[in-house]
Amino acid sequence: MEKITTIGLDLAKSVFQVHAIAEDGSVVTRRALRRSQVLEFFRKLEPCLVGLEACASAHYWANSIIQFGHTVRMMPAAYVKAYVKRNKTDAADAEAICEAVTRPTMRFVPIKTRDEQAACIVLKTRELFVRQRSQTANALRAHMAEMGIIAAAGMTSIAKLILVLRDNEDSRLPNAARAALLEMADQIEMLTARIEKLDATIGATVKADAAARRLTSIPGVGPLIAATVRASVQDPSSFKTGRDFSAWIGITPRAHSSGGKERVGKISKQGSKQLRTLLIVGATSILKLARRGAKLPAWVVSLMARRPFKVAAVALANKIARTIWALLVKGGVYQMPAIMMKA
């Protein structure tokens, strides 16, 4: 059998597809593997280039295959799709991966270590608990509104509603409704306790990381954003500029230019949704403080005077992302601009 130099591995839950080629591009083998056969297959091979799509379980398989001496490259699935010929099948996907991994201009996804995966799991778990708490809180507010008990948005108002629920002398709620809604109240309090516990863990991690501590010197960047950046970005120097970094997050305008005419639209929203959301929330908090008298850089004040609030928040989030890249790559801490103004 010819020596295999490149393999495209299409990942799945149970049945994996392999497409292997020789140095001259000829196909050496096409076959399906059960989950239990994958590692044994690569253990018997001489070291070669292995391509994977960046999807569920990809980091695990990449780290496992690397142990056998192979070179593993992960690629975004959207970049591999262009190499799929006609109909989509597992075999066609594996062939496309094998072709895409050899392209000199292909962009690859850094492979996370187990510790980096663990850090991401902590952040994702917190994000899940926050979503569940918001869902339960919204349901509680809506159900109580049906009974004529109204509360404003926000967790502070939810706490007031819970006090009403636990006031047995309040006769506005039937006993059956009170019993059901108390279950929701207990769920909200349990999720809050778990979120606070995870926040403490994240805060301790940031304090122990010198680079993360430097990031918190940037206005609008707290322990959560710093931890998310450190967990998501393995090699910040892989981005040539701060704009490349913010484009990876999906917070730069989408370009649609042709014939020498440049057109820019809304932000692309491609890349890290979690980090993009956190940065915009952080920027929004700064702009809200400015409304109360805090000073801002002159360019932000000028932008707020002529553009909507949310547009200014996204622009400031873009600037924060570029500043994060600069601190990670060049070192140092954030320095306030020389010219500051009140909004």
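Residues numbered from 1 in each chain as written. Predicted model: local features only at pLDDT ≥ 70, side-chain atom pairs only at ≥ 80, totals over all residues. Heavy atoms only, no water.

Concerning the packing of helix H9 (residues 223-232) against helix H11 (residues 273-291)
If you want to describe how two helices pack, look at the angle between their axes and the distance between the axes.
Stage number 1. Orientation of H9 relative to H11, taken along the N-to-C sense of each, is 155°, at an axis distance of 10 Å. By the angle between their axes, H9 is roughly antiparallel relative to H11. Considering the relative orientation of H9 and H11, their crossing is left-handed. Within the contact between the two elements, H9 uses Leu 224, Ile 225, Thr 228 and Val 229 and H11 uses Gln 274, Leu 275, Leu 278 and Leu 279.
Stage number 2. Residue composition of the contact of H9 with H11, grouped by class: 6 nonpolar, 2 polar and no charged. (Axes fitted to C-alpha atoms, helices over the stretch in contact; angles between N-to-C directions. Helix = DSSP H or I, 4+ residues; strand = E, 2+ residues; numbered from the N terminus. Parallel < 35°, antiparallel > 145°, perpendicular 65-115°, else oblique. Left-handed = near helix turned anticlockwise from the far one by under 90°. Contact = heavy atoms within 4.5 Å. Nonpolar A, V, L, I, M, F, W, Y, C, P; charged D, E, K, R; others polar.)

Remarks on the nonpolar core
Stage number 1. The biggest cluster of nonpolar side chains holds 40 residues, and the ones touching the most others in it are Leu 215, Phe 245, Leu 279, Ile 320 and Ile 324.
Stage number 2. Ranked by the residues each element gives to this core, the list is headed by helix H13 (residues 309-330), at 10 residues.
Stage number 3. By size, the runner-up hydrophobic cluster in this structure holds 23 residues, among which are Phe 16, Ala 20, Cys 48 and Val 72. (Core = buried A, V, L, I, M, F, W, Y, C linked by side-chain atoms within 4.5 Å. Buried < 20%, exposed > 50% of the residue type's maximum accessible area, 1.4 Å probe, protein only.)

Overview of the packing of aromatic side chains
Stage number 1. Within this structure, the stated rule accounts for 6 aromatic pairs.
Stage number 2. When the centroid spacing of 5.4 Å and the interplanar angle of 70° are considered together, the rings of Phe 239 and Phe 245 count as edge-to-face.
Stage number 3. On the accessibility criterion, Phe 239 (15% relative accessible area) is buried.
Stage number 4. Centre to centre, the rings of Phe 245 and Trp 248 are 6.0 Å apart; their planes meet at 25°, and the pair counts as stacked. Residue Phe 245 and its partner Trp 248 are both found in helix H10 (residues 242-249); the two are separated by 3 residues, about one turn of the helix.
Stage number 5. On the basis of relative accessible area, Phe 245 is assigned to the buried category, the value being 1%. (Phe/Tyr/Trp six-rings, centres within 6.5 Å; stacked < 30°, edge-to-face > 60°.)

A look at the sheet that holds strand S5 (residues 71-75)
Stage number 1. The sheet built from 5 strands is open, its strands ordered S3-S2-S1-S4-S5 with mixed pairing. The sheet terminates laterally at strand S3 (27-34) and S5, the two strands that pair on one side only. For this sheet, the mean angle separating the axes of adjacent strands, direction not counted, is 20°.
Stage number 2. Sheet topology places strand S4 (residues 49-53) next to S5; 5 bridges connect them, and they run parallel. Bridging from a neighbouring strand, Leu 52 pairs with Met 74 of S5.
Stage number 3. Here helix H2 (residues 58-66) sits on the sheet and contacts strand S1 (6-10), strand S2 (15-21), S4 and S5; the angle it forms with S5, its principal contact strand, is near 165°.
Stage number 4. Set on the sheet, helix H4 (residues 90-100) makes contact with S1, S2, S4 and S5; between it and S1 the angle comes to about 140°. (Pairing = 2+ DSSP bridges.)

Remarks on H11
Residues spaced three or four apart along an α-helix point in a common direction, a consequence of the helix completing one turn every 3.6 residues.
Stage number 1. Here H11 is 19 residues long and its end C-alpha atoms lie 27 Å apart, about the 27 Å a rise of 1.5 Å per residue gives.
Stage number 2. Looking only at H11, the buried set comprises Gln 274, Leu 275, Arg 276, Leu 278, Leu 279, Gly 282, Ala 283, Thr 284, Ile 286, Leu 287 and Ala 290. (Expected span 1.5 Å × (residues − 1).)

What to know about the layout of surface pockets
Left-over empty space is what a probe sized like a water molecule reveals as it rolls over the atoms.
Stage number 1. Reported here for the largest pocket is a volume of approximately 1500 Å³.
Stage number 2. Along the wall of the largest pocket there are 36 residues; nearest its centre are Pro 76, Val 109, Phe 239, Trp 248 and Gly 271.
Stage number 3. When contributions to the lining of the largest pocket are tallied by element, the ones reaching two or more residues are helix H3 (77-80), helix H5 (114-146), H10, strand S6 (253-255) and H11.
Stage number 4. The biggest single contributor to the lining of the largest pocket is H5, with 5 residues.
Stage number 5. Broken down by class, the residue content of the lining of the largest pocket amounts to 16 nonpolar, 11 polar and 9 charged. (1 Å grid on protein atoms, 1.4 Å probe; cavity = no way out; pocket = protein on both sides within 12 Å on 5 of 7 lines; lining within 4 Å. Points joined across faces, edges and corners; volume = space filled by probe spheres on them.)

Re the environment of Ala 298
Stage number 1. Inspection of the secondary structure assignment puts Ala 298 in helix H12 (residues 298-306).
Stage number 2. Taking the C-alpha atoms as reference, Ala 298 lies 5.6 Å from Met 341; in sequence the two are 43 residues apart.

Observations concerning the environment of Thr 5
Stage number 1. Secondary-structure assignment places Thr 5 in the segment before S1.
Stage number 2. Since its relative accessible area comes to 24%, Thr 5 is described here as partly exposed.
Stage number 3. For Thr 5, the contacting residues outside a window of four places in its chain are Ile 21, Ala 22, Glu 23, Cys 48 and Leu 49.

Quick notes on the pattern of salt bridges
Stage number 1. A complete count under the given rule lists 11 salt bridges for this structure.
Stage number 2. Across the pair Lys 124 and Glu 127 runs a salt bridge whose closest N-O atoms are separated by 3.8 Å. Of this pair, Lys 124 and Glu 127 both sit in helix H5, 3 residues apart, which is roughly one turn of the helix.
Stage number 3. A relative accessible area of 48% means that Lys 124 is categorised as partly exposed.
Stage number 4. According to the relative accessible area criterion, Glu 127 is partly exposed, its value standing at 27%.
Stage number 5. The shortest N-O distance in the salt bridge between Asp 186 and Arg 166 comes to 2.9 Å. Here Asp 186 is found in helix H7 (residues 175-207), whereas its partner Arg 166 is found in the loop between helix H6 (155-165) and H7, with 20 residues between them in sequence.
Stage number 6. Salt bridges sharing partners connect three or more residues here, namely Arg 166, Asp 186 and Glu 189. (Salt bridge = Lys/Arg side-chain N within 4 Å of Asp/Glu carboxyl O.)

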